[in-house]
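Tertiary structure, described
The residues making up each chain are set out below.
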Amino acid sequence: MNQAFDVVGLAATYANKSAQDILKLAFSQFGDDLWISFSGAEDVVLVDMAWKLNKNVKVFSLDTGRLHPETYRFIEQVREFYKIDIELISPDQTKLEPFVKEKGLFSFYKDGHGECCGIRKIEPLRRKLAGVSAWATGQRRDQSPGTRSQVAVLEIDTAFSTPERTLYKFNPLAQMSSEEIWGYIRMLELPYNSLHERGFISIGCEPCTRPVLPNQHEREGRWWWEEATQKECGLHAGNIISKA
């Protein structure tokens, strides 16, 4: 990486540039050390753009053990479509098993999704990112007015950086709208999760995801029993922390 990497300055310079330009910047600075986070939803656009810039692109996805069957099939579709490896990161069983034994499989409906997401998502992600210099996500500002409206195209990941290591986070799709994302998918005939055909827009774990009604915001389909301002699992905790 260029030692003169100016996060604040580059974030401002690239704020209105295309997703491809932001990814070009990411690859120019980090090369093969850049990892793409793929969630099994519209992140296929991010994967497509990154793959066209670097055929050796590194992609990972969190396998919480509670994803829809359609999501697992979609991950395999993408793997085959691009002929790439998608590293699946699973929860630590030494933490998951005691949690399930004590609280069962649906405790989050009563006491919130934080603890379950912490074990199934945050710990595996922290483990993965511990050896990563930079990652790119499919976050968009229009995904959640409560937590993502200020997402920057480039930032220091304050949630997963450590005193010894700074982690850089790129959000190339930040300013793209859902309409633009789906225009891209349709135009290039990319694979997509079949759940989208059944009213699912924002797709996460099966127990915490549901279809949305006409004119409902996509985030209404996630953790619908909780406050809108808390609808993050912790993967992008900085979104909430920065607004506290």
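Residues numbered from 1 in each chain as written. Predicted model: local features only at pLDDT ≥ 70, side-chain atom pairs only at ≥ 80, totals over all residues. Heavy atoms only, no water.

In the annotation of an unreviewed UniProt entry, the entry for the chain reads Adenosine 5'-phosphosulfate reductase, and the organism field reads Pseudomonas quebecensis. UniProt, in its Function (unreviewed entry) section for the chain, records the words "Catalyzes the formation of sulfite from adenosine 5'-phosphosulfate (APS) using thioredoxin as an electron donor." (UniProt positions renumbered as here; feature names shortened; annotations may be inferred.)

1. What to know about the sheet that holds strand 2 (residues 58–62)
Strand order across the open sheet formed by six strands is 3-2-1-4-6-5, with mixed pairing between neighbours. On the outer flanks of this sheet lie strand 3 (86–89) and strand 5 (154–156), each paired with one strand and no other. Neighbouring strand axes in the sheet, compared pairwise and without regard to direction, differ in orientation by 30° on average. As defined by bridge partners, strand 1 (residues 34–37) adjoins strand 4 (residues 134–136) across three bridges and the pair is classed as parallel. The residue bridging Leu34 from the neighbouring strand is Ala134, located in strand 4. Where helix 3 (residues 44–53) meets the sheet, it contacts strand 1, strand 2 and strand 4, and its direction lies at approximately 150° from that of strand 1. Helix-sheet contacts for helix 7 (residues 114–129) involve strand 1, strand 2, strand 3 and strand 4, and the interaxial angle to strand 2 is about 160°. (Pairing = 2+ DSSP bridges. Helix = DSSP H or I, 4+ residues; strand = E, 2+ residues; numbered from the N terminus. Axes fitted to C-alpha atoms, helices over the stretch in contact; angles between N-to-C directions. Contact = heavy atoms within 4.5 Å.)

2. Let's talk about the environment of Ile22
On the secondary structure map, Ile22 appears in helix 2 (residues 19–30). Separated by 114 residues in sequence, Ile22 and Ala136 place their C-alpha atoms 9.8 Å apart. Those residues within four positions of Ile22 in sequence are excluded, and the remaining contacts are Tyr14, Lys17, Val153, Phe170 and Pro172.

3. Details of the UniProt feature "binding site: [4Fe-4S] cluster" (unreviewed entry) in the chain
As annotated in UniProt, the feature "binding site: [4Fe-4S] cluster" (unreviewed entry) corresponds to Cys116, Cys117, Cys205 and Cys208 in the numbering used here. Look at the named residues: they lie 93 residues apart in sequence, but the longest C-alpha span between them is just 10.9 Å, so in the fold they bunch up. Its place among the elements puts Cys117 in helix 7. Here Cys205 is to be found in the loop between helix 8 (178–188) and helix 9 (238–241).

4. Looking at helix 8
Taken residue by residue, helix 8 has Ile181, Trp182, Tyr184 and Ile185 as its buried positions. The arc that holds the buried residues of helix 8, viewed along the axis, is 150°, so those residues lie on one side. With respect to the buried face of helix 8, the exposed residues turned more than 90 degrees away are Glu179, Arg186 and Met187. Among the structural elements, helix 2 and helix 3 are those in contact with the buried residues of helix 8. (Buried < 20%, exposed > 50% of the residue type's maximum accessible area, 1.4 Å probe, protein only. Arc of directions from axis to C-beta.)

5. A few points about the packing of helix 3 against helix 8
Two numbers describe how helix 3 lies on helix 8: the axes approach to 10 Å, and their chain directions differ by 60°. Of the possible angle classes, the one that applies to helix 3 and helix 8 is oblique. By crossing handedness, the relation of helix 3 to helix 8 is classed as left-handed. Touching Val44, Val45, Asp48, Met49 and Lys52 of helix 3 are Ile181, Tyr184, Ile185 and Leu188, all from helix 8. Partitioned by chemical class, the residues of the contact of helix 3 with helix 8 number seven nonpolar, no polar and two charged. (Parallel < 35°, antiparallel > 145°, perpendicular 65-115°, else oblique. Left-handed = near helix turned anticlockwise from the far one by under 90°. Nonpolar A, V, L, I, M, F, W, Y, C, P; charged D, E, K, R; others polar.)

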